[in-house]
Amino acid sequence: MSDKKYEVLSPLMGTFYRASAPDNPPLVEVGQKIKASDILCVIESMKIFTELRSEYSGVVKEILVENEDPVMKKQALMIIEKE
Amino acid sequence: MKKNSHNIKEGAMPFKRILIANRGEIALRIIRACKEMGIETIAVYSDADKDSLPVKAADQAIHIGPALSYKSYLNLDKIMTAAREAKADAVHPGYGFLSEAADFAKACEDTGITFIGPSAECIARSGNKSSARRTLTDLGIPVIPGSLDILTSPDTACALAETVGFPVILKASGGGGGRGMRIAHNPKELREAFSMASGEAKAAFGNPDIYLEKYITNPRHIEIQILGDKFGHYVHLAERECSIQKRYQKLIEEAPSSFVDEDLRTALGNTAITIARALGYTNAGTIEFLVDKDKKFYFMEVNARVQVEHPVTEMITGIDIVRWQILIAAGQNLALKQEDIVPKGWAMECRINASDPDDNFMPCPGRIESIVFPGGPGVRIDTHIHDGYMVGPFYDSLIGKLIVWDQDRLSAIRRMKRALDEFDIRGIQTTIPFFRKIFLNKNFQKGDIDTHFLDNL
């Protein structure tokens, strides 16, 4: 991983959601510009919802998992290209 | 017939087979009650629960879909199909999932399957907290200042919050257990909380409706267990003290409450029965109150189902609540008189959760390597876990309940301490080490607690 890119990791085992509520549109799309602290996705573990926020401003390069996929702790979820 | 007897006339039980629309410890609890009553059981399970204890304990088990709740345990169609295929006479919904979904009770009623709980109409009236508040306000029951209506937007929420005064709390209309609840101290926080609270409510209960209340600081959470039969006869089974909470999740419950004297018990009990009667409530239910330091109480909500913490009431009254749920649903008279219900001794329950007390109780799924359970006099464990059990991330973090009974509160505390010391779960983080510390806390031992006790440690 180059210095310009950073991987968003899941903080815990759970289910990956691209939206903050089932009927809402995805929080981000590939190619979208984002600011630091923007919400990227939501991880549900044991009915607790954790919003993952971007540490950097930049562009969403890749989304590595599908909506509703189970994810492991520290699994890479997205790749962000830093501004 | 003996007082408090659960016995019914030979051949009077109309249920041959009961389907349990739930999982985990409560599914096992219900299966145990059915077995003791000579009723066959049908478990349902998702991919994640294929090898679970309730599936093994039941006479029959039916697969209802993938691990995600909305595709299995929250999927009404799949559960109704299973109930019809298995020729179930009745369905027990447990707690959580579809237990307070009026359309589930309605689907059962329409299919000629008995729903073990209140009627669909009653669930819609009482399980829905906004409409329950409206009914009870009209009756003069004290309620917490706030909205009687579903909030339609962050703007309406902010306008209302200004009227009742910050801080305010957002709550889910469709369920309990702290899901969908958020506190806001100012309009900015309220706007942010609105969408997440609604999203959590939708995911947990399939209903995104939320309402708002003034947030009362430092109250006690005290609730009354009631039973009501189909003929309008009600009793209450005294109170449970549930003030020890973290993130609105109860962690320790006890019965009775050291804060509740005979006068307050009578007042709360009578109010609970008034509420149940007004709602046309049948079966087991819980009326939750907030009680302030001056013993002024406010109605909070009706939990139209069996509660996680029902065992502490069973331990002090000798009444099997799940058995009575089945008997009442089967059309039996409630053969209990209020004057016969005399709580004896003290019971306490610790919720054993797969969460990390050292990391703000964050969920901690994983595989259990080994377990040593506590035992001995006055100790009860309700759980579905075992050596090698995989605690997945898909459902609630509750993996078991440790309940003790003894003659008085201090003895119960001592008994809980030694039971916690015996309890050893390897492989995942649990709340056990946290409880060991709480039971040594001087203020807890004195009963000097409120709902912020854990925040102020």
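Residues numbered from 1 in each chain as written. Chains lettered and ligands numbered in written order. Predicted model: local features only at pLDDT ≥ 70, side-chain atom pairs only at ≥ 80, totals over all residues. Heavy atoms only, no water.

Q: Quick question: what am I supposed to make of the sheet that holds strand E5 (residues 114-115) of chain B here?
A: Sheet strands associate in pairs through backbone hydrogen bonding, adopting either a parallel or an antiparallel arrangement. Residues and elements named next belong to chain B. Read across the sheet, 5 strands follow the order E3-E2-E1-E4-E5 without closing on themselves; strand pairing throughout is parallel. Strands with a single pairing partner mark the edges of an open sheet, and in this sheet they are strand E3 (60-65) and E5. With respect to the sheet, helix H1 (residues 24-36) is in contact with strand E1 (17-20), strand E2 (40-46) and strand E4 (90-92), its orientation differing from that of E1 by roughly 170°. (Pairing = 2+ DSSP bridges. Helix = DSSP H or I, 4+ residues; strand = E, 2+ residues; numbered from the N terminus. Contact = heavy atoms within 4.5 Å. Axes fitted to C-alpha atoms, helices over the stretch in contact; angles between N-to-C directions.)

Q: What should I look at first to understand the environment of Glu162(B) in this one?
A: All names here are of chain B. By the secondary structure assignment, Glu162 is in helix H7 (residues 154-164). Overall, the relative accessible area of 51% leaves Glu162 in the exposed class. Each C-alpha atom of the pair Glu162 and Pro187 lies 8.4 Å from the other, and the pair is 25 residues apart in sequence. (Buried < 20%, exposed > 50% of the residue type's maximum accessible area, 1.4 Å probe, protein only.)

Q: I keep staring at the pattern of salt bridges and nothing clicks. Help me out?
A: Residues and elements named next belong to chain B. This model, assessed by the stated rule, comprises 35 salt bridges over all chains. Residue Arg220 is joined to Glu241 by a salt bridge in which the shortest nitrogen-to-oxygen separation is 2.8 Å. Here Arg220, found in strand E9 (residues 220-228), pairs with Glu241, found in strand E10 (residues 234-246); they are 21 residues apart in sequence, far enough to count as distant. Taking relative accessible area as the criterion, Arg220 reaches 9% and is therefore assigned buried. A relative accessible area of 2% places Glu241 in the buried class. A salt bridge links Arg418 to Glu422; the shortest N-O distance between them is 2.9 Å. Of this pair, Arg418 and Glu422 both sit in helix H12 (residues 409-422), 4 residues apart, which is roughly one turn of that helix. Using a relative accessible area of 34% as the deciding quantity, one classes Glu422 as partly exposed. (Salt bridge = Lys/Arg side-chain N within 4 Å of Asp/Glu carboxyl O.)

Q: It is not clear to me how the sheet that holds strand E2 (residues 14-17) of chain A should be interpreted in this structure. Could you clarify?
A: Residue and element names in this part refer to chain A. Pairing in this open sheet of 4 strands is antiparallel, and the strands run E5-E4-E2-E7 from one edge to the other. Across the chains shown, the open sheet's two edge strands, defined by having one partner strand only, are strand E5 (48-53) and strand E7 (70-71). For E2 and E7, the ladder comprises 2 bridges, and the chain directions are antiparallel. What sits directly across from Gly14, in E7, is Val71.

Q: Is there a simple way to think about the nonpolar core in this case?
A: In globular proteins that are soluble, nonpolar side chains generally tend to be buried together. Residue and element names in this part refer to chain B. By size, the foremost hydrophobic cluster in this structure holds 36 residues, and its most contacted members are Met348, Ile352, Ile425, Phe435, Phe439 and Phe444. When contributions to this core are tallied by element, the ones reaching two or more residues are strand E11 (249-255), strand E14 (346-353), strand E21 (398-406), H12 and helix H13 (432-438). Ranked by the residues each element gives to this core, the list is headed by H12, at 5 residues. With residues up to four places along the chain from it excluded, the contact list for Ile425 reads Ile352, Ile368, Ser370, Ile371, Ile385, Ile399, Thr430 and Ile432. Ranked by size, the runner-up nonpolar core spans 35 residues in total, among them Tyr95, Val235, Val306 and Ile328. (Core = buried A, V, L, I, M, F, W, Y, C linked by side-chain atoms within 4.5 Å.)

Q: Explanation requested: the packing of aromatic side chains in the structure shown.
A: Residue and element names in this part refer to chain B. Evaluated as defined, the whole model comprises 13 aromatic pairs over all chains. Ring geometry for Tyr73 against Tyr395: centres 5.5 Å apart, planes inclined by 80°, an arrangement best described as edge-to-face. Separated by 322 residues along the polypeptide, Tyr73 in the loop between E3 and helix H3 (76-85) and Tyr395 in the loop between strand E20 (390-391) and E21 bring together distant segments of the chain. What makes Tyr395 buried here is its relative accessible area of 5%. (Phe/Tyr/Trp six-rings, centres within 6.5 Å; stacked < 30°, edge-to-face > 60°.)

Q: I would appreciate a short explanation of helix H11 (residues 321-329) of chain B in the present structure.
A: Three or four residues apart is the spacing at which side chains of an α-helix point the same way, because the helix has 3.6 residues per turn. Residues and elements named next belong to chain B. Across the 9 residues that make up H11, a large majority, 8, are buried. Here H11 has its buried residues at Ile321, Val322, Trp324, Gln325, Ile326, Leu327, Ile328 and Ala329. Capping of H11 at its N-terminal end is provided by Asp320; its side-chain oxygen lies 3.3 Å from the backbone amide nitrogen of Val322. Of the residues flanking the end of H11, it is Gly331, one or two places downstream, whose phi is positive at about 90°. (Polar contact = N/O pair within 3.5 Å; in protein donor to acceptor, adjacent residues only side chain to side chain.)

Q: What should I look at first to understand the confidence of the model for chain B in this one?
A: Where the model shows low pLDDT, its predicted coordinates should not be examined in detail. Residues and elements named next belong to chain B. Summing up the model confidence of chain B, the mean pLDDT is 92 and the portion of residues at 70 or higher is 95%. In this model, residues 1-5 is a region of pLDDT below 50 whose contacts with residues beyond four sequence positions or in other chains number 9 contacts. Note on the complex model: pTM 0.89, ipTM 0.88. (pLDDT = per-residue confidence, 0-100.)

Q: Looking at this structure, how should I read the pairing of strand E8 (residues 210-214) of chain B?
A: Within a regular strand, the side chains alternate between the two sheet faces. Residue and element names in this part refer to chain B. The buried fraction of E8 is high, at 4 of 5 residues. When strand E6 (residues 168-172) meets E8, the two strands line up antiparallel, connected through 5 bridges. Each residue of the ladder has a partner; that of Val168, found in E8, is Lys214.

Q: Got a minute to help me understand unusual backbone geometry in this structure?
A: Where the residue is not glycine, phi is negative for most of them; where a peptide bond is considered, it is trans in most cases. Note that the residue after Phe166(B), namely Pro167(B), is joined by a cis bond; omega there is -5°. Residue position: Pro167(B) is located in the loop between H7 and E6. Put simply, Ala255(B) and Pro256(B) share a cis peptide bond, and its omega is -5°. On the secondary structure map, Pro256(B) appears in the loop between E11 and helix H9 (262-278). One non-glycine residue, Lys47(A), lies in positive phi territory at about 70°. One can find Lys47(A) in the loop between strand E4 (39-45) and E5. Phi is positive for Phe361(B), close to 60°, though the residue is something other than glycine.

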